[in-house]
Amino acid sequence: MTPHILTRSLDRAATAFVLLVAAVGVLIPLSNLLLPQGSMFQVPTYLVALWGKYVCYAILALSIDLIWGYCGILSLGHGAFFALGGYAMGMYLMRQIGSRGVYGNPILPDFMVFLNWDKLPWYWYGFDKFWFAALMVLLVPGLLAFCFGWLAFRSRVTGVYLSIITQAMTYALLLAFFRNDFGFGGNNGLTDFKDILGFNVQAEGTRAALFLLSCLALIIAFLICRAIVSSKLGKVLIAVRDAESRTRFLGYRVESYKLFVFTLSACMAGVAGALYVPQVGIINPSEFAPANSIEAVIWVAVGGRGTLIGAALGAVVVNYAKTFFTSGPLAPYWLFMLGALFILVTLLLPKGIVGTFNSWWEPRRSTGIAADEASAAREDGISAAKMAE
């Protein structure tokens, strides 16, 4: 059943996207590890980590496109789920430091020793085990999304009001995680990671493996999204997006559908955050900033809402542009450029890059197919039916 669903959901473009991500996920690490330094085709280690960050952002963009592009839920707080997944992985990485920290305490992280904590908080228990941290990466964002969605969707909060509430949620978490007595490092967050599963986080092999895992996670997330939007569930989600009241009058429990896809999307964002942290080397409360969530929405809008491939492409393109422009004299003007990009895309390319291309290509593709069918019919000696006189 599952292979049939995946096969049915993959068209030519989706298959090409999966193959491209798989090729990138294999070739970049191999280029980094096998080719000598100075070679024209050798990818430096810092670029492996940088592109790994882009891949994590692509997973986050997919999670937003799933709820916004196909269900009409515009979340301006998905950065919160991304950050919670990152903090769950960061807590595991901090527990792996042990006595190698600045203060040499085998149990307490350095920031707790500095703040004169005498024991480990209860919510840090279990994070010395990878399986527990991996479970929390899914459970914490998923549980928060489930509780938030259950309250919001049952109250039939929609549109701009829902967007404002999601923004308020991530801002509240931002203020909470900034507090030193909250137990998550305060303003400095969690950093100075040493090992992950016994491997040095800074080692070239570890960074290459993390990049490969990020690409694999992107493929899995994309396949899950494609399977959903290509199924009957996806048709119901589109109906909710286009006419929620009519869908409810037809007997569908709209709240249940929205709650399911919102929770799944939050879990995907949490996985993206968990893969992001060991590659970047830090997680702090700034990841909860509402501006980050808004920027992620811009990625999806630029790439093409409701296309999945466009969301991932938009995340990579915009963040590459951010890296390029913020490293030169245009750095102070990046936010203005990002805002201008969003306005131009909204006015000139309302369907995004991929959506606009699909609108241009599909009519020509259909015309080409019709012409091929007509040519084949003429070769077989079949002519169009004539009206009876």
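About the cut-offs
Residues numbered from 1 in each chain as written. Predicted model: local features only at pLDDT ≥ 70, side-chain atom pairs only at ≥ 80, totals over all residues. Heavy atoms only, no water. UniProt positions renumbered as here; feature names shortened; annotations may be inferred. Disulfide = S-S within 2.5 Å. Buried < 20%, exposed > 50% of the residue type's maximum accessible area, 1.4 Å probe, protein only. 1 Å grid on protein atoms, 1.4 Å probe; cavity = no way out; pocket = protein on both sides within 12 Å on 5 of 7 lines; lining within 4 Å. Points joined across faces, edges and corners; volume = space filled by probe spheres on them. Helix = DSSP H or I, 4+ residues; strand = E, 2+ residues; numbered from the N terminus. Nonpolar A, V, L, I, M, F, W, Y, C, P; charged D, E, K, R; others polar. Arc of directions from axis to C-beta. Contact = heavy atoms within 4.5 Å. Axes fitted to C-alpha atoms, helices over the stretch in contact; angles between N-to-C directions. Parallel < 35°, antiparallel > 145°, perpendicular 65-115°, else oblique. Left-handed = near helix turned anticlockwise from the far one by under 90°.

Per an unreviewed UniProt entry, the recorded name for the protein chain is Urea ABC transporter permease subunit UrtC, and the organism is Bradyrhizobium uaiense. Entered under Subcellular location (unreviewed entry) in the UniProt record, the comment concerning the protein chain runs "Cell membrane".

If you walk through the whole model with that rule in mind, you get zero disulfides. The structure places no disulfide on Cys-56, whose sulfur is separated from the nearest cysteine sulfur, that of Cys-215, by 9.1 Å. For Cys-56, a relative accessible area of 0% puts it in the buried group. The closest cysteine sulfur to the non-disulfide-bonded Cys-147 is located on Cys-267, 12 Å from its own sulfur.

Each pocket or cavity is described by its volume, and for the largest pocket that value is around 1,200 Å³. Looking at the lining of the largest pocket, the elements with two or more residues in it are helix H2 (12-34), helix H3 (45-71), helix H8 (204-229), helix H13 (309-325), helix H14 (334-348) and helix H15 (352-379). Per-class residue counts for the lining of the largest pocket are 28 nonpolar, six polar and eight charged.

All of the buried residues in helix H9 (residues 232-242) are Gly-234, Val-236, Leu-237 and Val-240. Across the axial projection of H9, the buried residues extend over an arc of 160 degrees, all falling on one side. Residues Lys-232, Lys-235 and Asp-242 are exposed on H9 and point more than 90 degrees away from its buried face. If you follow the buried residues of H9, they end up packed against H3, H8, helix H10 (244-249) and helix H11 (254-280).

In this section: the packing of H13 against H14. H14 packs onto H13 with a crossing angle of 150 degrees between their chain directions and a minimal axis gap of 10 Å. With respect to H14, the axis of H13 lies roughly antiparallel. In this structure, H13 meets H14 at a crossing whose hand is right-handed. On H14, the residues that touch Val-318, Ala-321, Lys-322 and Phe-325 of H13 are Trp-334, Met-337, Leu-338 and Leu-341. The residue makeup of the contact of H13 with H14, split by class, is seven nonpolar, no polar and one charged.

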